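Residue strings, one per chain:
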Amino acid sequence: MNRKAIPRKALPILLAAVLDLIGEPPVDWHPVVWYGKLIRRLEQAAPHGRLGQLLYGLLMPICAATLVLPPVLLVQFLVGYVRLNAVQTRWKHWLSALIEGGALKPFFALRMLADAGRRVRYTLERGDLPAARLALQSLVSRDRSCLTADLAVAATIESLAENLSDSVVAPLFYYVLFGLPGAVLYRLCNTLDSMIGYRGHYEYLGKASARLDDMLNLLPSRLTALLIIGLAPLFGGKRQTAWRIWRRDASKTASPNAGHPISAAAGALGIQLEKVGHYTLGDNEKVVAPTDIKRAERMVWLCWRCDYCAVLHSQSRSSLSCF
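Fair warning: this is a prediction, and the values are worked out from it, not measured in the lab. (Residues numbered from 1 in each chain as written. Predicted model: local features only at pLDDT ≥ 70, side-chain atom pairs only at ≥ 80, totals over all residues. Heavy atoms only, no water.)

Trainee: Lay out the packing of helix α3 (residues 50-85) against helix α7 (residues 149-196) in plain terms, naming residues and giving numbers.
Mentor: Interhelical geometry of α3 versus α7 gives an angle of 150° and a closest axis separation of 10 Å. Between α3 and α7, the angle falls in the class roughly antiparallel. Regarding α3 and α7, the two cross each other, and that crossing is right-handed. Note on element contacts: α7 touches α3 through Leu180, Pro181, Val184, Leu185, Leu188, Leu192 and Ile196, opposite Met60, Pro61, Ala64, Ala65, Val68, Leu69, Val72, Leu73, Val75 and Gln76. Here the residues of the contact of α3 with α7 sort into 16 nonpolar, 1 polar and no charged. (Axes fitted to C-alpha atoms, helices over the stretch in contact; angles between N-to-C directions. Helix = DSSP H or I, 4+ residues; strand = E, 2+ residues; numbered from the N terminus. Parallel < 35°, antiparallel > 145°, perpendicular 65-115°, else oblique. Left-handed = near helix turned anticlockwise from the far one by under 90°. Contact = heavy atoms within 4.5 Å. Nonpolar A, V, L, I, M, F, W, Y, C, P; charged D, E, K, R; others polar.)

Here it is as structure tokens:
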């Protein structure tokens, strides 16, 4: 492979993807796990009362970012130092890309997402609904005890589509725009939202984090929907149907962003996705089946490949084959 033909940020992404295929870092060394522990510590110091929690919640992202940025900036400094000062010019680009790609890897989760969908599919193909409900715990936080097989399929596909945006497209989007700090800060905000940005006891504590996450996902969620629509024929769908369902149903979810990739996936797969009591997206043209999860898995991989190609073409005039 000719290093000069590859844009600077594309090579770290490629190496991060290779590392992703190997697997996730050990839990004790995973930065996102560290972020979770940091957020729990900050959460424990939260004051009582609406106003106090609201103000404290405004400070939490700032405080957390202040604590996580120094190691990231150190990595950036190391990458720059290697790129400028490495004696072996032939290898310095690969070494700096490997350092940056290794640091980027924990902030997107392609293989883990696809594997989680595959585990649910295998249990449903065996007709083991209790095992499918258990396997779903890695994808959804809702109550799974009453899910039928059809609803389990729908929940899996919904999560694959939503997490395609949150765990793949968005981190890479912010990496391309702002480098490693962009991917890290996005993942930190996303983790804050997932831990405290919900209604209930911490509704006011998490308001700032939830709004910040909504803002950060505004573009990536819509870009993900467009990726799904554009690639629909490659996993057995129709672009026209995917576009129509996206335009019609994207706003039906409580989240201002989640409905975009989910509705696009529903239209592209030609199925109806339902979260009982919350929303119904897509047309009920056929009964959902585990094979639809397999198509959604292919959707995830295809969107990743197209996303990577977009990075290549956005930074270089080189015409490289992607598929």
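Trainee: Which residues make up the side chain of Glu297, and what values do they have?
Mentor: Here Glu297 shows up in helix α12 (residues 290-315). Within the structure, Glu297 has its side chain in polar contact with the side chain of Arg121 (distance 2.8 Å). When near neighbours in sequence (up to four residues on either side) are disregarded, Glu297 contacts Ala114, Gly117, Arg118, Arg121 and Leu160. (Polar contact = N/O pair within 3.5 Å; in protein donor to acceptor, adjacent residues only side chain to side chain.)

Trainee: Just give me the short version of the environment of Pro25, but keep the residues and values in it.
Mentor: Of note, Pro25 is situated in the loop between α1 (10-22) and α2 (31-44). Linking Pro25 and Lys105, residues 80 residues apart in sequence, is a C-alpha distance of 8.9 Å.

Trainee: Can you explain a nonpolar patch on the surface? Please cite residues and give values.
Mentor: Together, Leu51, Leu54, Leu55 and Leu58 make up a nonpolar patch on the protein surface, roughly 370 Å² of accessible area in all. Turning to its location among the elements, Leu55 is positioned in helix α3. (Patch = residues over 30% accessible without salt bridge, like charges linked within 9 Å, V, L, I, M, F, W, Y side chains within 5 Å. Areas by Shrake-Rupley, 256 points an atom, 1.4 Å probe, with all protein chains shown as cover. Salt bridge = Lys/Arg side-chain N within 4 Å of Asp/Glu carboxyl O.)

Trainee: I'd like a rundown of α7, residues and numbers included.
Mentor: Its 48 residues place the ends of α7 only 30 Å apart at the C-alpha level, less than the 70 Å of an ideal helix rising 1.5 Å per residue. Considering bend angle alone, the principal kink of α7 is centred on Phe178 and spans about 145°; proline Pro181 follows within four residues of it. (Expected span 1.5 Å × (residues − 1). Bend = angle between axes of the 7 residues up to and from the residue.)

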